[in-house]
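A closer look at the structure
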Amino acid sequence: MAKKPQFFHLKPEMEQSYCMSMAVRAGDYVFIGGLTSTDDDGNEVHADDAALQMKRIYEILDKILKHYGGTPQDIVSEVIYYTTTADEFNTTLFPHRQAFYGADGPSVAGMQVVGFTDPYIKVETTHIAYLPEG
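In this numbering scheme, every chain counts its residues from 1 along its sequence in written order. Only residues with pLDDT of at least 70 are given local features in this predicted model, and only at 80 or more are side-chain atom pairs given and counted; all residues enter the totals for whole chains, interfaces and linings. Excluding hydrogens and water, the side-chain values take into account all heavy atoms of the structure.

**A short note on the side chain of Ser37**
Helix numbering and strand numbering both begin at the N terminus, where a helix is a DSSP run of H or I of at least 4 residues and a strand a DSSP run of E of at least 2. Along the chain, Ser37 falls in the loop between strand E3 (29-35) and helix H2 (50-67). Between buried and exposed lies partly exposed: a residue is buried under 20% and exposed over 50% of the maximum accessible area for its type, with that area taken using a 1.4 Å probe on protein chains only. Ser37 sits in the buried class, given a relative accessible area of 0%. The contact definition used throughout considers only heavy atoms, calling two residues in contact when any of these lie within 4.5 Å. Ser37 has contacts with Asn43, Glu44, Val45, His46, Leu52, Gln53, Arg56 and Ile57, leaving out every residue within four places of it along the chain.

**So, the pairing of E3**
Two strands make a pair as long as DSSP finds a minimum of two bridges between them. Sheet topology note: the strand E2 (residues 23-26)/E3 ladder contains 4 bridges and is antiparallel. Residue Ala23 lies in a different strand from E3, and its bridge partner there is Ile32. Counting the residues in the hairpin turn of E2 and E3 gives 2 residues, including Gly27, whose phi is positive at 65°. The pairing of E3 with strand E6 (residues 123-130) spans 5 bridges and is classified as antiparallel. Paired with Phe31 across the two strands is Ile128, which belongs to E6.

**Concerning helix H3 (residues 86-101)**
Note on bend: the value at a residue is the angle between axes fitted to the seven residues ending there and to the seven starting there. Considering bend angle alone, the principal kink of H3 is centred on Leu93 and spans about 45°; proline Pro95 follows within four residues of it. Among all positions of H3, only Phe89, Leu93, Arg97, Phe100 and Tyr101 are buried. Packing partners of the buried residues in H3 comprise H2, strand E4 (75-82), strand E5 (107-112) and E6. Of the residues one or two after H3, Gly102 is the one with positive phi, at around 80°.

**Points about the pattern of salt bridges**
Whenever Lys or Arg places a side-chain nitrogen within 4 Å of a carboxyl oxygen from Asp or Glu, that contact is recorded as a salt bridge. Within the structure shown, the criterion is met by 5 salt bridges. Here Glu59 and Arg56 are joined by a salt bridge, their closest N and O atoms 3.2 Å apart. One end of the pair, Glu59, and the other, Arg56, are both in helix H2, 3 residues apart, so they sit about a helical turn from each other. Note on Arg56: relative accessible area 13%, which makes it buried. Across the pair Glu78 and Arg97 runs a salt bridge whose closest N-O atoms are separated by 2.6 Å. Of the two residues, Glu78 sits in strand E4 while Arg97 sits in helix H3, which places them 19 residues apart along the sequence. On the accessibility criterion, Arg97 (8% relative accessible area) is buried. One network of salt bridges, in which partners are shared, links Asp40, Arg56, Glu59 and Lys63.

Right under this line is the structure:
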């Protein structure tokens, strides 16, 4: 019998107010989405620095992966949404990605967007991790 999805809340009050879960395990996969640069209370931080936002996102992602017993190498897919220029993405955001994953990163798509629901957000990511149960 298939198990029901398991919902994980890193910041329960904030996530419930947005009707979301920071991560959802469905079988062998963990879907992680809507990561932005927030502090432990859910407030956006580093409003003027997309690079620091990217770094903070990977710190949050690392916490979520550790909750499931995973590592960066368990991420199989990533989507990065950003409002910076493509040049700024390549020169200031991408190095944080390289530092997080090392030489073998997951598949990735980068999408330049017009904006987000909060004007302080410059970067948002979604991820899929493969973490076999049992």
